[in-house]
Amino acid sequence: MSPNNDTNQDKDRRMHVEIGHVSASGHVVVAGQDANVSGNTQGDSAQGNSVTVGGVETTTDQADELKQAIKQVEKAIDEEDTIDEGTKEAARHNAQVLRTQMTSPAKPNDHLLTQAAEQLYKYGPKIAGTIVSLFMTPLAGEIVNVAGTRALEFYRKLRNPDAHTPATSTE
């Protein structure tokens, strides 16, 4: 069968898909949602060092910086001497939720991301400091922006604790 020979069977397997964009790394957005693509993408792949984390396409360097900041949160949990072992276990669980939400390729769940971060921030001074450091990484700002309103509000509070909340702001 030649490639130009259309049969009814071939017509049944065709579909029309409008693609929002395809990145050089092969990340595809279809109708505003991520899609999995098997096979190769064509085009300039000079940006071969890009990855998608937290629903954001970024460089591997920024992704590594984010993952390192999350490791510091996990380390601080073990070193926090103001909380008991049961609380540390809860903190470890929240750290794992935070890691999953911020490093998976998919857009994070606004509620889960924010709930984990807020809880970690309350556990003790060492942990709170690492949460602030994590959310100061450039990639964290991009991730919370796609996550949703609640995550963005938490991020803004960390960056500027003296600022008014968006609902009461006069800006």
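See the structure shown above.
This write-up is about the structure you can find in this document.

The rules behind the values
- Residues numbered from 1 in each chain as written.
- Predicted model: local features only at pLDDT ≥ 70, side-chain atom pairs only at ≥ 80, totals over all residues.
- Heavy atoms only, no water.
- Salt bridge = Lys/Arg side-chain N within 4 Å of Asp/Glu carboxyl O.
- Helix = DSSP H or I, 4+ residues; strand = E, 2+ residues; numbered from the N terminus.
- Buried < 20%, exposed > 50% of the residue type's maximum accessible area, 1.4 Å probe, protein only.
- Phe/Tyr/Trp six-rings, centres within 6.5 Å; stacked < 30°, edge-to-face > 60°.
- Arc of directions from axis to C-beta.

## Description of the pattern of salt bridges
For the structure on display, the rule yields 6 salt bridges. Close ionic contact of Glu-79 with Lys-75 constitutes a salt bridge, the shortest N to O distance being 3.9 Å. Residue Glu-79 and its partner Lys-75 are both found in helix H2 (residues 60-79); the two are separated by 4 residues, about one turn of the helix. By relative accessible area, Glu-79 is classed as partly exposed at 42%.

## Here we look at the packing of aromatic side chains
One pass over the structure, following the stated rule, counts 2 aromatic pairs. Taking 6.4 Å as the distance between ring centres and 85 degrees as the angle between the ring planes, the aromatic pair formed by Tyr-121 and Phe-154 counts as edge-to-face. Of this pair, Tyr-121 sits in helix H4 (residues 110-123) while Phe-154 sits in helix H7 (residues 149-159), and the two are 33 residues apart along the sequence. What makes Tyr-121 partly exposed here is its relative accessible area of 38%. Overall, Phe-154 belongs to the buried group, its relative accessible area being 9%. With a centroid separation of 5.3 Å and 85 degrees between ring planes, the pair formed by Phe-135 and Phe-154 is classed as edge-to-face. Placement of the pair is Phe-135 in helix H5 (residues 125-135) and Phe-154 in helix H7, with a sequence separation of 19 residues. Exposure class is identical for Phe-135 and Phe-154. Each is buried. In this structure an aromatic cluster arises from ring pairing among Tyr-121, Phe-135 and Phe-154.

## A word on H5
Residues Ile-127, Ala-128, Thr-130, Ile-131, Leu-134 and Phe-135 constitute the buried set of H5. For H5, the buried positions fall inside an angular range of 165 degrees around the axis, keeping them on one side.

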